[in-house]
Each structure stands twice: as C-alpha cells, then as structure tokens.
Amino acid sequence: AGNTTVAVTLQENTTVSFEIVNAMGQKVYEVPAQQYSAGVQTFNFDASDFSNGVYFYTVKAGENQITKKMIVQ
C-alpha cells in the first residue's frame, strides 16, 4: 500500500469529487467536490491505513462519473 495517485484528465474546468469505498460500500476516503481546471489533475492518498482487500474509487466530474476497482495488499 502506501501513497497512491489517481490521475484524471479533464476536458474543461469543472467540479470534481473523489471518493473510495470498501467492498461493503462504506466510504473510507473522500475529497469533497471542488472546482478544478482543465487538464490532468491528480488525487493522492495514503492507502497504508486501509485493510487488505478490494476497494472502489469513484471520480465525479461535472455530469460524468467513473468507478474503478482497486486492490490493497
């Protein structure tokens, strides 16, 4: 685990939020929605406090949303 970075490329200035939930759907990390500029934005978080297992992170940018799986070992 340790420091982990998720990079997102924005097509325009927009509001972005980032959250991580565990396999039971409990939120374990969150970056509240805030305005970001177009281009590549990165979210850094320390996963060393997370238990081993499967997590899902969701990035919401304006009207768009993507969720991906992440495994902590």
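If you're wondering where the values come from, they're calculated on a predicted model, not measured in any experiment. Per-chain numbering applies: the sequence of each chain, read as written, is numbered from 1 onward. Only residues with pLDDT of at least 70 get local features here, since the model is predicted, and only at 80 or more are side-chain atom pairs given and counted; chain-wide, interface and lining totals rely on the full set of residues. Just so you know, side-chain values use all the structure's heavy atoms and leave hydrogens and water out.

(A) Main features of the pairing of strand β3 (residues 27–36). Here a strand pair is declared whenever DSSP counts at least two bridges between the two strands. By the criteria applied, helices consist of DSSP H or I runs no shorter than four residues and strands consist of E runs no shorter than two, each listed in order from the N terminus. Bridge count between strand β2 (residues 14–22) and β3: 7 bridges; the pairing is antiparallel. Bridge pairing in β3 links Phe18 to Val31. A loop of 4 residues connects β2 with β3, the two strands running antiparallel in sequence, and Gly25 in this loop sits at a positive phi of about 85°.

(B) Region of the structure containing the nonpolar core. Nonpolar cores are built from buried Ala, Val, Leu, Ile, Met, Phe, Trp, Tyr and Cys residues. Side-chain atoms within 4.5 Å join them into one set. Each residue is placed in one exposure class: buried if its accessible area under a 1.4 Å probe, protein chains only, is under 20% of its type's maximum, exposed if it is over 50%, and partly exposed if it falls in between. Counting residues in each nonpolar core, the largest one holds 18 residues, and the members touching the most others are Phe18, Ile20, Phe45, Phe50 and Met70. Elements with a minimum of two residues in this core: β1 (3–10), β2, β3, β4 (39–46), β5 (53–61) and β6 (64–72). Here this core takes 4 residues from β5, the largest share from any one element. What makes two residues a contact is simply this: any of their non-hydrogen atoms within 4.5 Å. With residues up to four places along the chain from it excluded, the contact list for Phe50 reads Ile20, Val28, Tyr29, Phe45, Tyr55, Met70 and Val72.

(C) Fine view of the sheet that holds β6. Ordered by their spatial adjacency, 4 strands build an open sheet running β3-β2-β5-β6, and the pairing between neighbours is antiparallel. In the strand order of this sheet, the two ends are held by β3 and β6, each with one partner. Between one strand axis and the next, the sheet turns through 15° on average, direction left out of account. Pairing of β2 with β5 involves 7 bridges; the strand directions are antiparallel. Directly across from Val16, in β5, lies its bridge partner Ala61. Geometry is summarised by axes, namely lines fitted to C-alpha atoms with helices restricted to the contacting stretch, and by angles between N-to-C directions that run from 0 to 180 degrees.

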